[in-house]
Amino acid sequence: MPLGKTRRRLIGAAALIPLLVTTPVNGPLQSASAQAGLRPQANLNPCPKQTGKVNITFWTWEGPPSAIQHIVNEFNATHPDIHVNVDQVTPGFSGGYEKSFNALRAGKAPDVDMIEYYELPNFRFVNGLYNAAGCPAMKNVAKQFPGYINSEDSVGEPGAIYAVPEDIEPLAMFYRKDIFAKYNLPVPATWAQYQSDALALKTDTNGTVKMADMNANDYRLLVGLDWQAGAMPFQYTGTGFTYDMDSSAAQTVANYWESLIKDGVIDTAAGFTTPPEYITWNNGTVATQIGPDYLTGFFKGQAPAAAGDWAVAPIPQWAAGDHSDGEAGGSATAIMAGTKHPYADAVFADWFGDNYPVQVQLYAGQVLSGANSYLNNPAVIDTANPYFGGQAPMSVFRTMVNDVNTNFQWAPNMTTVFSDLQDNLQSAFNGSSTIEQAFVTTQNQAAANLRSLGVTVYTK
Amino acid sequence: MAVAVAPDPARSDAVLTKQTGAPPRPLPDRTGQVAGHVASTFKVTVLMVFAVYFLGPVYCLVIAATKPTNSIYISGALLPYKPQFWTNLSYIVNYGGGIYFRWLLNSAFYAIGGAGIGTLLAGAAGYYLAMFRFRGREGLFLMVIGGMLVPGTALALPLFLLFARLSIAGSYWSVLLPSIVSPFSLFLCRVSADAAVPREMVEAGRIDGASEARIFFSIAVRLMLPGLVTAFLAQFVGIWNNYLLPLVMLISKDTYPVTVGLGTWQGQTTHTDILETLILVGALISVVPLVIAFLFLQRFWRSGLSLGGVKA
Amino acid sequence: MTTVTATSPGTGRWKSPVRTRALVTRAGFLGPFYTAFALFFLLPIGFAIYESLLSQRRIGGVFGRPIEVFSGLRQFGAVFSDPQFWSGIKTVALYVCIQVPLMATVGVTLALLLDVTAPRLARVFRTSYFVPFAVSTVVATILWGTLYTPGSSPLSEFHINIDFLSHNLVLPAIVNIGIWEWGGFNVVLMTTALTSIPTEIYDSARVDGASRWAMAWHIKLPLIRPTIVMSMVLTIIGTMQLFTEPQIMAQISDSIPTYYTPNMFAYYQISADNYSFAAAISVTLALVGLVLSFTFIRLTRRRTY
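Residues numbered from 1 in each chain as written. Chains lettered and ligands numbered in written order. Predicted model: local features only at pLDDT ≥ 70, side-chain atom pairs only at ≥ 80, totals over all residues.

Colleague: Looking at this structure, how should I read the packing of helix α6 (residues 170-195) of chain C against helix α9 (residues 225-240) of chain C?
Modeller: Residue and element names in this part refer to chain C. At a minimum axis separation of 10 Å, α6 and α9 run at an interaxial angle of 155 degrees. In this view, α6 runs roughly antiparallel relative to α9, as classed from their interaxial angle. Crossing angle aside, the handedness with which α6 passes α9 is right-handed. Contacts between α6 and α9 pair G178, N186, L189, M190 and A193 from the former with T227, S231 and T239 from the latter. Classifying every residue of the contact of α6 with α9 by side-chain character gives three nonpolar, five polar and no charged. (Axes fitted to C-alpha atoms, helices over the stretch in contact; angles between N-to-C directions. Helix = DSSP H or I, 4+ residues; strand = E, 2+ residues; numbered from the N terminus. Parallel < 35°, antiparallel > 145°, perpendicular 65-115°, else oblique. Left-handed = near helix turned anticlockwise from the far one by under 90°. Contact = placed C-beta atoms within 7 Å. Nonpolar A, V, L, I, M, F, W, Y, C, P; charged D, E, K, R; others polar.)

Colleague: So what exactly am I meant to see when it comes to the interface of chain A and chain B here?
Modeller: How big an interface is tends to be stated in terms of accessible area lost as the parts join. Contacts between the two partners involve 24 residues from chain A, matched on the other side by 19 residues from chain B. Mapped onto the side of chain A that touches chain B, the elements with two or more residues apiece are α1 (4-22) and α3 (96-106) of chain A.

Colleague: Before we go on, may I ask you to explain the nonpolar core in this structure?
Modeller: Note on soluble globular proteins: their nonpolar side chains tend to be buried together. Counting residues in hydrophobic clusters, the biggest one holds 317 residues, and the most contacted among them are A334, I335 and F348 of chain A together with A125 and Y127 of chain B. Here Y127 of chain B is in contact with C189, A193, F216, A220 and M224 of chain B together with F29 of chain C, once residues within four sequence places are set aside. (Core = buried A, V, L, I, M, F, W, Y, C linked by C-beta atoms within 7 Å. Buried ≥ 20, exposed ≤ 12 C-beta atoms within 10 Å, placed from the backbone.)

Colleague: Would you mind going over the pairing of strand β5 (residues 171-176) of chain A with me for this structure?
Modeller: Look at any regular strand and the pattern is simple: side chains alternate between the two faces of the sheet. All names here are of chain A. In terms of residue burial, β5 counts as a mostly covered element, since six of its six residues are buried. Of the two faces of β5, the one lined by L171, M173 and Y175 and the one lined by A172, F174 and R176 are each fully buried. As paired strands, β5 and strand β10 (residues 288-292) are joined by five bridges and run antiparallel to one another. Along β10, the bridge assignment pairs Y175 with T288. Sheet topology places β5 next to strand β11 (residues 310-313); four bridges connect them, and they run antiparallel. In the strand pairing of β11, M173 is matched with A313. (Pairing = 2+ DSSP bridges.)

Colleague: Whenever I open this one, helix α5 (residues 137-148) of chain C confuses me. Can you help?
Modeller: Every α-helix winds through 3.6 residues per turn, so residues three or four apart in the chain are directed the same way. Here α5 of chain C spans 16 Å end to end across 12 residues, near enough to the 16 Å set by a 1.5 Å rise per residue. Along α5 of chain C, the positions that sit buried rather than exposed are T137, V138, V139, A140, T141, I142, L143, W144, G145, T146, L147 and Y148 of chain C. (Expected span 1.5 Å × (residues − 1).)

Colleague: Teacher, can you tell me more about unusual backbone geometry here?
Modeller: The bulk of non-glycine residues show a negative phi, and the bulk of peptide bonds are trans. Residue and element names in this part refer to chain A. Its identity as a non-glycine residue notwithstanding, N206 has a phi of 60 degrees, on the positive side. Looking at the secondary structure, you find N206 in the loop between α8 (191-205) and β6 (212-213). The exposure class assigned to N206 is exposed, which follows from the 7 C-beta atoms found within 10 Å. For T273, which is not a glycine, the phi torsion comes out positive at approximately 40 degrees. Relative to the elements of secondary structure, T273 occurs in the loop between β9 (266-267) and α11 (275-283). A residue is classified by how many C-beta atoms lie within 10 Å of it, and T273, with 17 of them, is partly exposed.

Colleague: Looking at this model, I keep getting lost on the interface of chain C and chain B. Mind explaining?
Modeller: With 96 residues of chain C at the contact, the number on the chain B side is 90 residues. The element best represented in the side of chain C that touches chain B is helix α1 (residues 17-52) of chain C, accounting for 17 residues. When the residues that make up the side of chain C that touches chain B are grouped by side-chain class, the tally is 62 nonpolar, 27 polar and seven charged.

Colleague: When you look at the environment of L186 of chain B in this model, what are you seeing that I'm missing?
Modeller: Its place among the elements puts L186 of chain B in helix α8 (residues 183-196). On the neighbour-count criterion, L186 of chain B (27 C-beta atoms within 10 Å) is buried. Each C-alpha atom of the pair L186 of chain B and L121 of chain B lies 8.4 Å from the other, and the pair is 65 residues apart in sequence. Among residues more than four places away in sequence, those in contact with L186 of chain B are A122, A125, G126 and V144 of chain B together with F33 of chain C.

Written as structure tokens, this is what we have:
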């Protein structure tokens, strides 16, 4: 029922709408890097040296917070003209990336943000990253890290630098050497051996000790396992994009773990870094954990009762003698679009990539830095870790780095892909669906999402 | 159920007790009835069970908030275990530079500011709608009431996009201003004005030459007070509780209300252990302001609740 | 009441001061509220409608420049053909159908029991029932989340291990949080209604030999019916907005996908850069809300005020 007053109000509101239409619609900033898709670019972004003291904000969820603050304090002390304000945020995969996207939208993004490698394309997709290749601090960054990480940080744009690598996270197998010894099980070098070990363990312990924890929270691990098997679920093809999440390699992985679940050797109540998982680590109800190197810190902090019982071995292979691996995670320090201090950001990002893992080692176990200087330094890599009974876990991970398939690519909408995959895996793990079906459904949803964002999408 | 027995004033409880040996008879209730023994026990049992249901978790919260962090999940929920409440309290005071108390202040700002201004606006509009008849009155009213069922995302998300375009997303205003509008408050205020403000008084004021505004502020507000306080409290609780709007709108931790702050901590517990304890202590502390608000304003809102209810 | 009449002598071009003053008064009383309403209620909905009619296109490959083009009802088509959307609708519909009658039953039953209890004792009970109302939804969810987790759950002390966060039990678990939070409020609401029943009604009923049970059923319930209806309307309003509890529970439960409720679904679409799609969901939800709201007002209008 139109009323005088109401109608006038609605018309008044409608009059504002043309105003909104004329403000730019395309993402937070129409930066030069937005045209990057048209041609590979040289250093289009200016990087003026700052004048005077500069304050920059840094969002991270790296922990523990006290260690990070200590590291940042050291940077601030040694760089008197740059002051970094560090903010502990929700981990990206727990909602932190959504916050960053919203912040970009609102024009209130930080200068420097911690973004995992797989998520960088999504940020570039929304024009959320600043190409800092023109900054002096970035001149030697490319040489400092393995080649494939550099291409991850240029997000497929030769010569661009959107982020500086921090750590590198290849997969390996953590295992309870005491349990393996007790039941005379060989440490598996192949997945076939892994499965027979699991079944033997089930018989020997009457099912009380499971081979691994896995549930819907392990969606990144599963993609990493696909990576190891040689799958390429995400491919940039010409001006379009292809999803291939149900390739034969992916099916092999999916069916393998599906059969392990059916065999009853997987604890599906415990998933990626949740309290139920820590309990299984602590009290010996799980015999292995496939995971990346940052888990070493988690073991030390969350499973103190099992100190000395865990060891690290290379990840099992599909064929004996193979050397193939994938990654699960790993982050970079990215420079965000809209930043007013790219020069200082670059200096900090570069410094942080070099210094962070060394410092963190002192506080929280170990993380494998991506820097070549670190990777090729035996004194650092071969440091014994008392939690792992004197073994040097990083040396195992170091060899795994060489095995990682280097041409893996990530989709420009990984936030949606992973969110959908996690949702769909819930059905797989509660028995109403399968892991393979979860990947197929995810592929269809991801393709529909990317198409609606204007990209030409193919599915295999 | 027991057969109703009308109380006989001639027979005192003492006499009855001596005679039957049964426990003293319960007092008669509002209907003038007295319950039989079995029915009474049954009733009290049911009431007690629900009291345990409603209060039990709060007790568990208190217990959990006093525990050291690494024993929260391994020491049971019903008994204290190595209580260290003051230590935990000092953790929350110091963590993040006292960010929790900043959150409490923010919540108070949003809730008091939003509900205060909102009640004033709704009070004036509701009073006018009740007292003055004009063409389109019901339409205006229904337009707002119809908004009560519009879900939060339908407003919060577009508001965020809108404010982002205008570059005010993430500011205190971006949460405070939208919180002012409360359809339910308009409803309550109109009903309250209808019920509590006699037309004769308003007419008398007019005859005396007072302006409408003067009549409203000096006469009507006083009469509408229970309704106004109820509206204020309802809106206060709603804003204090609000999670979606500030979650979407706010960027910097300094601007968070307690709800978003605790929710953020909850998402960070895998990486930072101490937060488990801080969340519990913070949850406990956040209950206090609302309890105080309700206790202090009890006199008003108890009568305010009868509005919009029975017209016996 | 004031009836506004235009008393304009002569040609009618001159507005009488009475009429002007009346309009100024109306603007003064209604203006602030309705301006705020227009700005922070109607405007966002209008903006959402505008945004929902757009789609994104890219120029120059995957990382090319995005532009917005008008696409009519395409986004709505996408919403209505999305199984995740319907899954969320089903979940909320189920939630509403369980929560609303349950809440009313708890509120009415406890209020009736309290009505036949000595007033002092009744007040003690009622206050204890009301305490959870002072606990915010976020805190209530965190609290019950702790109680639902084995290890910190009181049930585990008696070695009862029920996984309340599993696929089948997570919705009842969320329902329980709602009952706990607002049950006491409903009790107080019903009690207020009950105490406004004049006791003389009971006298005549007692004389006729009515039992307390009969009194409750034939006198009290019918008389507080408007309040029960209002309580149910309030509960429906609250339950349709379901967002906070599942959003927080999702951090500890594996059975809550990101599209569990329509509100959650829309929220995640925003961060997936799907603004237009999220806007279409919001507009759809707003329309559903408006339709339901008007239906209820039609049905209950005579009774509430």
